[in-house]
Amino acid sequence: MKKQTLIAFALVITLAALGFGLINRDSPKEDLLAKATNSIPETDQNMVTKEFKIFSDFIYDIGPRFGPITKSEIGKITSIEAFLEDEVIQNMANLKSTSVILVVDDEESHIRAYGNSRDFTEAQLDILRNFDYSSSFVMRVDFTEKDKASGQLINNYRSPYHTIVPEEQARYSEGKESLKLFLKDQIQSELIGVNPEKLKPAKLYFTISENGILKNIRLDRDSGYPEVDKKMIELMSELPGTWSPAKNSNGEPVNQELVVSFGLMGC
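Conventions adopted
Residues numbered from 1 in each chain as written. Predicted model: local features only at pLDDT ≥ 70, side-chain atom pairs only at ≥ 80, totals over all residues. Heavy atoms only, no water. Helix = DSSP H or I, 4+ residues; strand = E, 2+ residues; numbered from the N terminus. Expected span 1.5 Å × (residues − 1). Buried < 20%, exposed > 50% of the residue type's maximum accessible area, 1.4 Å probe, protein only. Arc of directions from axis to C-beta. Contact = heavy atoms within 4.5 Å. Salt bridge = Lys/Arg side-chain N within 4 Å of Asp/Glu carboxyl O. Core = buried A, V, L, I, M, F, W, Y, C linked by side-chain atoms within 4.5 Å. Pairing = 2+ DSSP bridges. Bend = angle between axes of the 7 residues up to and from the residue. Polar contact = N/O pair within 3.5 Å; in protein donor to acceptor, adjacent residues only side chain to side chain. Axes fitted to C-alpha atoms, helices over the stretch in contact; angles between N-to-C directions.

**Student:** Explanation requested: helix α8 (residues 226-237) in the structure shown.
**Tutor:** For an α-helix, 3.6 residues make a turn, and residues three or four places apart therefore share a direction. For α8, built from 12 residues, the straight-helix expectation of 16 Å at 1.5 Å per residue is met to within 8% by its first-to-last C-alpha distance of 17 Å. All of the buried residues along α8 are Val228, Asp229, Met232, Leu235 and Met236. Within α8, the buried residues cover an arc of 125 degrees as seen down the axis, which keeps them to one side. In the core, the buried residues of α8 are packed alongside β1 (59-63), α7 (176-191), β9 (202-208), β10 (214-221) and β14 (256-262).

Given below as structure tokens:
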């Protein structure tokens, strides 16, 4: 009798084990994934959180390449003083030279004009006033000033960079901050495992046409991670929302090139 009881008990345990196996086999994948996620050691979860914090400012700017200045403002400028801080002008002892230089793909081009006074030369004014929208340039000023410690004259310079923008710039329907937030959220999956020390400052150019169409997406500087760059291009190609085109001083729609600066903070 005892032997039969033991056999019956063993049979019950076997059937229960088989039933448990069948239940687990039929469990939804979502439950399994949830269990797997919950089973991640706390140290690994902290690592993921840390990575997200490191890249919280992955998208750090969207706008013109350099400091914006309109064609209308350029048309009123006659001297270098419009590009320099008041303190620099006051401390300037002797002006040595000035240069207006067109910048193409972040490189100084051969299109330039020189001067040696605070007032621009006709050649410099001609270059400035013929820049098209989205053109970038550097205003280089070399001078001497009195060193505050020694009282001796020392060489110094300023080289502010600017980009010509329309009087009314292109606008994203959901707002600039919403656009940055969308890109930050959508890129996170590509950032897991990325080494911050190897990530480079990258730039993605795009144009908003006079019809409000986003086009001509191009990578100017890569981040050092091809999959991250590829994902950024895909995200810009599939943006939700719409764009309002830029407008000139006459209220006419014009093309405007903009830049998404991403990766780690750079120039």
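Having seen the structure, we can now continue with the description.
**Student:** Help me understand the pattern of salt bridges in this model?
**Tutor:** Where side chains of opposite charge bring their charged atoms close, a pairing between them can arise. In total, this model carries 14 salt bridges according to the counting rule given. When salt bridges that share partners are traced, they join Asp105, Arg218, Asp220 and Glu257 into one network.

**Student:** Explain the nonpolar core here, please?
**Tutor:** Phe58, Phe120, Leu183, Met232, Trp243, Val260 and Phe262 are the most contacted members of the largest nonpolar core, which has 51 residues in total. Sequence-distant contacts of Phe58, defined by excluding residues within four places in its chain, comprise Ile187, Leu191, Leu199, Val228, Met232, Ser261, Phe262 and Gly263.

**Student:** In this structure, what is going on with the pairing of β1? I would like to understand it.
**Tutor:** The two faces of the sheet receive side chains in turn, since in a regular strand these alternate between them. The buried count for β1 comes to four of five residues, which makes it a mostly enclosed element. Bridge count between β1 and β14: four bridges; the pairing is antiparallel. Of the residues in β14, the one forming a bridge with Gly63 is Val259.

**Student:** Please clarify how α7 should be interpreted in this entry.
**Tutor:** For α7, spanning 16 residues, the distance from its first C-alpha to its last is 22 Å, which sits close to the expected 22 Å at 1.5 Å a residue. A maximum bend of about 25 degrees is found in α7 at Asp185. A positive phi of about 95 degrees marks Gly193, the residue just after α7.

**Student:** Could you clarify how one ought to interpret the pairing of strand β4 (residues 107-115) in this entry?
**Tutor:** Here strand β3 (residues 92-104) runs beside β4; their pairing, made up of six bridges, is antiparallel. Looking across to β4, one finds that Val103 is bridged to Glu108. Between the end of β3 and the start of β4, which pair antiparallel, lie two residues, with Asp105 showing a positive phi angle near 50 degrees.

**Student:** For this particular structure, what's the right way to read the environment of Arg218?
**Tutor:** Assignment of secondary structure puts Arg218 in strand β10. For the pair formed by Arg218 and Tyr205, sequence separation is 13 residues and the distance between their alpha carbons is 5.2 Å. Apart from the residues within four sequence positions on either side, Arg218 is in contact with Asp105, Lys203, Leu204, Tyr205 and Glu257. There is a polar contact of 3.4 Å between the side chain of Arg218 and the side chain of Glu257.

**Student:** It is not clear to me how the sheet that holds β9 should be interpreted in this structure. Could you clarify?
**Tutor:** As a general point, the strands of a sheet are linked pairwise by backbone hydrogen bonds and lie either parallel or antiparallel. Strand order in the open sheet formed by four strands is β1-β14-β9-β10, and the pairing between neighbours is antiparallel. Where the open sheet ends on each side, the last strands, each with one partner, are β1 and β10. Adjacent strand axes in the sheet meet at a mean angle of 15 degrees, parallel and antiparallel pairs treated alike. Bridge analysis of β9 against β14 gives seven bridges, and the strand direction is antiparallel. Pairing of Tyr205 across the sheet is with Val259, part of β14. Lying over the sheet, α7 contacts β1 and β14, oriented at roughly 135 degrees with respect to β1.

**Student:** In this structure, what is going on with unusual backbone geometry? I would like to understand it.
**Tutor:** Glycine aside, residues mostly have negative phi, and peptide bonds are mostly found in the trans state. Positive phi values are uncommon outside glycine, yet Asp105 reaches one of about 50 degrees. Note on placement: Asp105 falls in the loop between β3 and β4. For Asp105, a relative accessible area of 48% puts it in the partly exposed group. The phi dihedral of Ser134 falls on the positive side, at around 75 degrees, and the residue is not glycine. Locating Ser134 in the fold gives a position in the loop between α6 (122-129) and β5 (136-146).

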